[in-house]
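# Geometric and topological summary
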Amino acid sequence: MDGRMHNNNQRQRREPQDGIEEKVLLIRRLSKKTKGGNYISFSALVVVGDNISKVGVGLGRGLEVPQAIKKAILHARKHMITIPVYEETLPHDIKVKFKASNIILKPAPKGAGLKVGSVVRSILSLGGVKNASGKILGSRNQVSNVYAVMKALESLKTRQSLQMVIRQILFMMDWINS
């Protein structure tokens, strides 16, 4: 059984020639009752990333699993975002609510690793984040959690822009007090 799990993990993670790695997070079988019988289709949730700072997710549907995976990969590649990675971690804490999912992501010191669960680990590792901690609250739905993480990563600000905002706030406070 150990060898089978290892081969399954190898199959789900592959790196094409352009340096963007792909990982299948979830494959679901959907069944719908119709007048003529059962209508069966598949949906696939895929994350792609360059292990530096770009990551994207895609959800694809098709009548067969490979077709669903291919559609998901195309969607993920089209909708990649850039993560403002600061010293192999996140630039600041962030808390995001998306539908029923609550995601908390925090930067971690060097050498701490990724202390996050489920799909968050896959997204952050393919996005080039090597040290972070986090918690998923509210939902166990992987699709909802993936989109919550992407929303959190989109709303991250760079370290320089945060420092500029803090300087502006301090300047305004000095101006008001004087």
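This section reports on the structure supplied with the text. Keep in mind that this is a model prediction, so the values were computed, not measured.

## Details of unusual backbone geometry
Phi angles above zero are rare outside glycine, and Asn51 is one such case at about 60°. If you trace the backbone, Asn51 turns up in the loop between β3 (37–49) and β4 (54–62). A positive phi angle is found at Glu88, which is not glycine, with a value near 65°. Along the chain, Glu88 turns up in the loop between β5 (81–82) and β6 (94–98). The exposure class assigned to Glu88 is partly exposed, which follows from its relative accessible area of 34%.

## Some thoughts on helix α3 (residues 118–126)
Taken together, the buried positions of α3 are Val119, Val120, Ser122, Ile123, Leu124 and Leu126. Gly128 sits one or two residues past α3 and shows a positive phi near 95°.

## Focus on the nonpolar core
Counting residues in each nonpolar core, the largest one holds 30 residues, and the members touching the most others are Val55, Leu105, Ile123, Leu124 and Leu153. Contributing elements (two or more residues each) for this core: β2 (21–34), β3, β4, β6, β7 (101–107), α3 and α4 (142–154). In terms of residue count, α4 provides more of this core than any other element does, seven residues in total. Apart from the residues within four sequence positions on either side, Ile123 is in contact with Val47, Val55, Val57, Val146, Val149, Met150 and Leu153. Counting 11 residues, the second-largest nonpolar core is a separate cluster that includes Ala44, Val46, Ile69 and Ala76.

## Re the packing of aromatic side chains
Here the structure, examined in full by the defined rule, presents one aromatic pair. On the basis of an interplanar angle of 45° and a centroid distance of 6.3 Å, the ring pair of Phe98 and Tyr147 is categorised as tilted. Taken together, the positions of Phe98 in strand β6 and Tyr147 in helix α4 put the pair 49 residues apart, joining distant regions of the chain. Judged by its relative accessible area of 23%, Phe98 is partly exposed. What makes Tyr147 partly exposed here is its relative accessible area of 27%.

Basis of the calculations
Residues numbered from 1 in each chain as written. Predicted model: local features only at pLDDT ≥ 70, side-chain atom pairs only at ≥ 80, totals over all residues. Heavy atoms only, no water. Helix = DSSP H or I, 4+ residues; strand = E, 2+ residues; numbered from the N terminus. Buried < 20%, exposed > 50% of the residue type's maximum accessible area, 1.4 Å probe, protein only. Core = buried A, V, L, I, M, F, W, Y, C linked by side-chain atoms within 4.5 Å. Contact = heavy atoms within 4.5 Å. Phe/Tyr/Trp six-rings, centres within 6.5 Å; stacked < 30°, edge-to-face > 60°.

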